Structures are given as structure tokens and as C-alpha cells.
Number of protein chains: 2
Amino acid sequence: MKLDQLDTPAALVDIPRMNRNIARMQSRLNALGVKFRPHVKTTKCREVVHAQLAAGANGITVSTLKEAEAFFAAGVTDILYAVSIVPSKLPRAMALRQRGCDLKLVVDNTRAAVEVARYCAGQKEAFEVWIEVDTDGHRSGIAPEQDALLEVGRILHDSGVKLGGVMTHAGSSYELHTPDALSALAEQERAGCVRAAQRLRDAGFPCDAVSVGSTPTALSAEKLDGVSEVRAGVYVFFDLVMRNIGVCSTDDIALSVLTTVIGHQPEKDWVIVDAGWMAMSRDRGTSRQTEDLGYGLPCRLDGTPLTDWVLSGANQEHGILSPAHETQQTTNLATRFPIGTRLRILPNHACATGTQFPEYHALSADGETTVWSRFHGW
Amino acid sequence: MKLDQLDTPAALVDIPRMNRNIARMQSRLNALGVKFRPHVKTTKCREVVHAQLAAGANGITVSTLKEAEAFFAAGVTDILYAVSIVPSKLPRAMALRQRGCDLKLVVDNTRAAVEVARYCAGQKEAFEVWIEVDTDGHRSGIAPEQDALLEVGRILHDSGVKLGGVMTHAGSSYELHTPDALSALAEQERAGCVRAAQRLRDAGFPCDAVSVGSTPTALSAEKLDGVSEVRAGVYVFFDLVMRNIGVCSTDDIALSVLTTVIGHQPEKDWVIVDAGWMAMSRDRGTSRQTEDLGYGLPCRLDGTPLTDWVLSGANQEHGILSPAHETQQTTNLATRFPIGTRLRILPNHACATGTQFPEYHALSADGETTVWSRFHGW
């Protein structure tokens, strides 16, 4: 189907842009001499992940056990579940390992380590566990110099669990927007994770994997000495938040929401479209950045940005398109955007927008679309 | 299954609270002498809608054609699709009517009216169309005194389309928080919609239905003279936004997200849980209200609110629980909320949180849960 035949709203993936994004990240990390383990939470879509693996990625990162199960069923075996494990999730994780999935778990505290060790004692199969390291204070993990790092290492190692490595995610990179600040954070992320690995090794524990990453730091690191692999997710589609951070251009954004003009409020210079927050998500990530793009940046059907307009408001199934600048003169809204006009809205956050849709419509260079299913839930 | 056996995160529906909310709205509208047409966009769930209809509702309101198709398949025939129609959606809507669904469409502009009339001319079946009226300037619709109201009425009526009525939604009620302001807006909504109906009738057009509503105005209207029916959606579960508006109490909120403690950051007084924005949604509706509740209000497993805590931050699968008040003393986080502790988070916005989940776990008074499937997409 062509774009003018699809029901709206619909999530579009521009395949040439996606492939360019995949090639850019993979070649960058190849040049830095590290492996790449894409985070599939962004897309939850087989076709995308197969393209990432075909380009040279080694294994995947998941944020839920459902992702692990779905991609193991799709033939991926090397999987890192990058959220600290809790006892109630161990049986479901073990079931995957017993079926041949090389699923690696993460812990960042002694209690969870004890529980994993205790669970493994009753099983024929041991888990491989990585320790989460906190290199920027934004969320989870054990700081590289904390005593708990070695305590967790010891609990795991002494119980026969395979201590596979350390991992960190400098998610505070989302708050930056200059190359210098980004490369400095990338170095902080690298150095902290390498230091944690060194402390574990110095204490006599194995620590093969040293895994770092976020899209902004992965694209800003100048060296990755001591790192074995990088993780990143949103780079595959990019979005307006990434554009404002400065790691992609508007023309790199591969995800957009196809929408139709359904009304006008001429007194207020409003164009009403059928992409509300149910389509765009409630993510307002650009509201804290240098350029606030509301719920998204509208484009013509051919992808040309309409930079004088912004999706300024969103109800559940109604979006409000309005002038981006207060002084802007708008006349003849109904002539410029007649009822039935199709537009494409670039999203703030590709992970959040994607999950609103049961499928992507993947758009080839020739203008044809193909349905790529995606899943949600846990 | 009991709450301690469910995988987390999970969306819980407290059935006794839901039934109480349904009974409250239905008995209120019965007393006011109007019919009730619940908006099913909140839940997209058969069990919930059947409970609403069993309590006395007349027909349903939908926000997408997928909802119309799903609920028609579930036996509901009286359906109002409350988003202004565009030409590309007419064949899918007509297919429902031809299968026996009494699907009513909405328009708020002459162009759409012309297109509906033109489409019907080529069909054996005519649509029934209602005109959307703008009574508070917050989104779509034609103001009651505008010329366009009669123009649209004439286009529809003269072409043989059944002009079924007028409908309005005073969505600006979400910005209020006092009973006086709410009842004043309810009266404005009522009076504007009745006036629009009167103008159409005075011009010689039929206008049976006079449909108004939003949850806050439906619960605040003192009289509904001239109104034939009320629509409301979120009242069935309520949420923190509705609590801050003042139309429900915390104890009325029937939707919560079951979550598990997965980590701590003691230096920052953070408890990390496995309900991030993927579970809660990115909706920050309370951020503009008198009490900002972050991404949600945590409760014990039995539902008792932990009013000293708030879900202050959310990554995709990580939520950050922190003290609600800066001066608060917190000690022994790991003793108070050990790894594996289960909590329930009340959401800002039930419509947005619900859609993050493929199913609800409906919780009976005896503590047993039942899976209630829900759908998403268009």
C-alpha cells in the first residue's frame, strides 16, 4: 500500500533512513574496536532487529522478559536482560536458559545477588549475571568505588553463578546538548565501567564483559579502551529529543506518524488532526530542551518538515497543529490544510510513540509500505 | 491468581471500586432524567463495557473505528464515533452500518459534511450524522451561534443524511478544581449544546440527540434540561487527575499498576521499582494541578496509599520512588521496602496507563484476579 491508502493514524518507518542509522552506528563501533548489542526495547520488532544483526551487531539487549522470549523465538540467543532481576522473575528467566537461550541477568544489590545464588542452588542450570554499575547517578547501579560492588561479585562468584561482566547506562546524556559535554560523559561512562571491571578482576573475580552505552554517548565516545561492547536503542529511528541533543539531524529521523487533517479552528489558527496523544504518546521530552516541539514536528507527506508549525496540543485522538511562532501570519487554514490532507509528525521519543501502535508500516524508497508487527506488554 | 503471583508490572482493576463508580454515575444521570452513553476509549475492554451496559447505559461512545468494530462484534449496536469523520474513513464506517451497526458519525465543518453527503449518494445506506458543537473553545466543534452550524445542518439534511443530533465535550473541565467552577462549566456545556439544537430545529432540521459530557461536568451538572444523553469515560476507573479536580477521592480510583521493588539508591532516598513510563505512561497530568503526583501515588499491596512517597521519576522500565516532601526523614530504605516488595501505583490518567497493557487483572473482593483482555491500535 501507498501512504495515501493507509488508515490513519499509522506509524511509518522510513527504511532507507533506518538502514543509514544502523550502518552509521555499526561502522562507528567497528572503528572503535568494540562489539555492539542493540537495545530492542525501542522497536520490539523482528524486522528491525534482524537488520541490526545483519549489519554486524552481536546479540541484543532487552528491557522485559517478553522481549527476551519473543526474540529467542525469532532465533536470537545472546540476550542481556538489562533491568535488575528480582526473585519472582527467576523461574521465567530460567525457563529461557533451559531452552538454550544465553540469557544474561543483571543485579545491582546484594539482596538480589543472594536470591539469584539461592535460586540457582536448586537448579541444574546456573545463570550468567552481570553487575550494573552507576556511572552518572541518574538511576540504578553500584558506583565503581562502592564496597557493594565486590560484595555482589563475591556472592555471585562463590555460589557458582557465572559472573559475566559489568554494564552501565549513562542515561543523563539525555540532558546534554553539546558535543563537548557528551564526549565528556561518554568518557565518564567508559572510565567508571572499566574501573568497576578492574576492581572485580583485582579481587580475583572474572569479568569478561564491559558494556556501556546510551545513544548519545555511543555516538560521542572518542575512545572505548577497556570496553568490550556498547548498547544503544533509539539510534535506529532517532527522534526530536536526539535531534535536540545534537546526535542526529531532522533528516535522520526514521519514525513518523501518518495523520489526516480532520478539522480547523480558524480563529485560533488551529488545524485539528487525527494524531492525538494515543498516537504520539504523552512524551514531552523536548519540553526540557532548547527547542520545545510540543507533541511533534509536522511534515508534508513527502517528509519535508513544516518548521513553522508544531503539534502543540493533544487529546486522546485529536492533535492540535498550531503556528510555531507567535508572530506568524496564518491565513486560509482550510485552503492550506484542507480536510483530508495527510501529514507526517516526527515524534519526541521513538520508544514511547512506537509502543502506541500494534505495527509499523515500513516505507521503502519506492513509496510502497509493508506491515512490520511489533508487540507490547510484559 | 492472587496479587503475589502475578508478573509485574501489571494493570489491576479493583472490581468493587469500578462497580461503585459505574453505579454512582448511572444513578446520578438517572436522577437527572437523561440517558448515559459511556465512552469506551478509557478501557477498550468488553468486561467493563458489559458492566456499564448492565447498569443501565444506553449505547456507547468510541474514539476509533477499531473500538466500534470490536464492540459491535461484542454485541453493542448503538455506537457514536465521536471524532470528526474524514473521507478516507467512510468506507470502513459504512461497512459497519451495512452489517447492522447503528453507527453514528460526527462532523464539525462543511467540507466533511459535503464529503459525507457525496459518499452516501453512491450507497444504498445513509449515515446518521451528529454535529459537534464547541461549548468551551478547548478543541473541536462549531460554536452554537456560528453560521456554519446551520450550513452543515443544511448540507446533511438536504442530501438525505439523517441529522441525528448535536454533541459537545467540555474538555476544559480538566483544568478546574472547584465545585462552583465545575458546575458553571457544566451549565455552559449544557446551555451551549441545547442552544445549538434549538437553532437547528428552528431552521427546520431534525435534532433528536443533545449529547454532552466529560467526567467532571457529568458529575457536577445541577440540571440537564434539554439534554438527551451524557457521555463520560474515565469515571469508570477515575485517576489522580480526577481526584485533583475534586470529582472523586483516592479511594475511588479503581486502576493501579502492580509493581516490584528491584533496587535502592540509599544516598538519594530512591527506591527503584519495575514500573517505569512503559507501565505508567508518560502522562504527567497532575503536573499542572494543585498537587503534582509525579508519575503516580504508591500504595501498599492492600491499596493503602503511601502518601509520603511519590513515583517521582520514570525511565522505560524503571520507576523511581522518592519522598514526597523534601524535609522527610527516611532511614533504612532496604528494610522498609526490601527487594521483591510489591506495591501498587495509582496513575495520573487511567486512559493513558491502561493502553500500555494488553490486559487488566481484575481483582475481586476475595483477592482473586481474572484476566480481562483489552486492545489497542486503530
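Predicted model only: the values in this text are computed from it and were never measured.

(A) Up close: the domain arrangement of chain A. All names here are of chain A. By the assigned domains, chain A splits into domain 1 (15-233) and domain 2 (250-373). Computed from C-alpha atoms alone, the centre-to-centre distance between domain 1 and domain 2 is 34 Å. Contacts between domain 1 and domain 2 engage 16 residues on the former and 17 residues on the latter. Taking both sides of the interface into account, the surface hidden between domain 1 and domain 2 amounts to around 1,300 Å²; carbon and sulfur atoms contribute 53%. Interface area lost by domain 1 to domain 2 is led by Ile15, Arg17 and Thr42, which between them contribute 39%. At the junction of domain 1 and domain 2, the tally comes to one salt bridge. Where Asp252 meets Arg20, a salt bridge forms, and the shortest distance between an N and an O atom there is 2.9 Å. Inspection of the region where domain 1 meets domain 2 yields seven residue pairs in polar contact (both at pLDDT 80 or more).

(B) Molecular detail of the sheet that holds strand S4 (residues 78-81) of chain A. Residues and elements named next belong to chain A. Judged by pairing direction, the sheet is parallel, and its eight strands sit side by side in the order S2-S9-S8-S7-S6-S5-S4-S3 without closing on themselves. With one partner strand each, in any of the chains shown, strand S2 (35-36) and strand S3 (60-62) form the two edges of the open sheet. Relative to strand S9 (residues 229-230), S2 is paired through two bridges, and the arrangement is parallel. The residue of S9 that forms the bridge with Lys35 is Glu229.

(C) Region of the structure containing the pairing of strand S10 (residues 255-265) of chain A. Residue and element names in this part refer to chain A. Counting buried positions over the 11 residues of S10 gives 11, a clear majority of the element. Relative to S10, strand S1 (residues 10-14) is paired through four bridges, and the arrangement is antiparallel. From the neighbouring strand, Ala11 faces S10, where its bridge partner is Val257. Both S10 and strand S15 (residues 342-346) contribute to a ladder of four bridges, which runs antiparallel. Within S15, the position partnered with Thr259 by the bridge is Leu343. Bridge count for S10 against strand S11 (residues 270-273) is four bridges, and the pairing is antiparallel. Pairing of Val261 across the sheet is with Val273, part of S11. Hairpin connection between S10 and S11: a loop of four residues separates the two successive antiparallel strands, and Asp269 in this loop has a positive phi of roughly 55 degrees.

(D) View of the sheet that holds strand S8 (residues 209-212) of chain B. Residues and elements named next belong to chain B. Sheet architecture is open: eight strands sit in the order S2-S9-S8-S7-S6-S5-S4-S3, paired in parallel fashion. Of all strands in the sheet, those with a lone pairing partner are strand S2 (35-36) and strand S3 (60-62), marking the two edges. Here S8 runs beside strand S9 (residues 229-230); their pairing, made up of two bridges, is parallel. Along S9, the bridge assignment pairs Ser211 with Glu229.

(E) Inspection of helix H7 (residues 179-202) of chain A at higher detail. Along its 24 residues, H7 of chain A runs 34 Å from first to last C-alpha, staying within 8% of the 34 Å computed at 1.5 Å per residue. Directly after H7 of chain A, the chain includes Gly204 of chain A, whose backbone phi takes a positive value near 95 degrees.

(F) Main features of the relation of the copies chain A and chain B. Taken as rigid bodies, chain A and chain B are interconverted by a rotation of 180 degrees and an axial shift of 0.0 Å, the fit giving an RMSD of 0.0 Å. As the rotation angle and translation indicate, the two copies are arranged about a two-fold axis. No C-alpha of chain A approaches the rotation axis more nearly than that of Arg282 of chain A, which lies at 2.5 Å. Both copies contact each other with a shared surface, as 100% of the interface residues of chain A are interface residues in chain B too.

(G) The arrangement of the environment of Ala11 of chain A in detail. Residue and element names in this part refer to chain A. Structurally, the position occupied by Ala11 is in strand S1. When its relative accessible area of 1% is taken as the criterion, Ala11 is described as buried. Separated by 301 residues in sequence, Ala11 and Ser312 place their C-alpha atoms 19 Å apart. If we skip the residues at most four places from it in the chain, Ala11 touches Leu255, Ser256, Phe357, Glu359, Tyr360 and His361.

(H) The arrangement of the packing of helix H6 (residues 147-158) of chain A against H7 of chain A in detail. Residues and elements named next belong to chain A. Close contact between H6 and H7 brings their axes to 10 Å; oriented N to C, the two are set at 55 degrees. Taken together, the axes of H6 and H7 are oblique relative to one another. Once H6 is placed against H7, the crossing between them reads as right-handed. Two secondary-structure elements touch here, H6 through Leu149, Leu150 and Gly153 and H7 through Ala196, Arg199 and Leu200. Of the residues that constitute the contact of H6 with H7, the class distribution is four nonpolar, one polar and one charged.

Basis of the calculations
- Counting from 1, residues in each chain are numbered in the order their sequence is written.
- Going through the entries in the order they are written, you letter the chains from A and number the ligands from 1.
- Restriction of local features to residues with pLDDT of at least 70 applies here, the model being predicted, together with a cutoff of 80 or more for giving and counting side-chain atom pairs; totals for whole chains, interfaces and linings are based on all residues.
- Side-chain measures here rest on the full set of heavy atoms in the structure, leaving out hydrogens and waters.
- Start and end positions for the domains come from either an automated domain assignment or a database one.
- By the convention used here, residues are in contact when the closest approach between their heavy atoms is within 4.5 Å.
- When two parts are brought into contact, each loses some accessible area as probed by a 1.4 Å sphere; the total of that loss over both is the buried area.
- One speaks of a salt bridge when a side-chain nitrogen belonging to Lys or Arg is within 4 Å of a carboxyl oxygen belonging to Asp or Glu.
- The term polar contact refers here to a pair of N or O atoms within 3.5 Å; inside protein, the definition further demands a hydrogen-donor-capable atom paired with an acceptor-capable atom, and it admits residues adjacent in sequence only when both atoms are side-chain atoms.
- Strands are treated as partners if at least two bridges between them are detected by DSSP.
- Strands here are runs of E lasting at least two residues and helices are runs of H or I lasting at least four, both read from the DSSP assignment and numbered beginning at the N terminus.
- Per-residue accessibility, obtained with a 1.4 Å probe over protein chains only, is compared with the maximum for each type, and a residue is labelled buried under 20%, exposed over 50%, and partly exposed between these values.
- The span you would expect from a helix comes to 1.5 Å times its residue count less one.
- A residue counts toward the fit only if its pLDDT is at least 70 in both copies, and the copies are then superposed by least squares on the C-alpha atoms of those residues.
- To define axes, lines are fitted to C-alpha atoms, for helices over the stretch in contact only, and angles between the resulting N-to-C directions are given on a 0 to 180 degree scale.
- Each angle gets one of four labels, with under 35 degrees taken as roughly parallel, over 145 as roughly antiparallel, 65 to 115 as roughly perpendicular, and the rest as oblique.
- Left-handed describes a crossing whose near helix is turned anticlockwise from the far helix through less than a right angle; right-handed describes the clockwise counterpart.
- Each residue gets one of three labels, nonpolar for Ala, Val, Leu, Ile, Met, Phe, Trp, Tyr, Cys and Pro, charged for Asp, Glu, Lys and Arg, and polar for the others, Gly among them.

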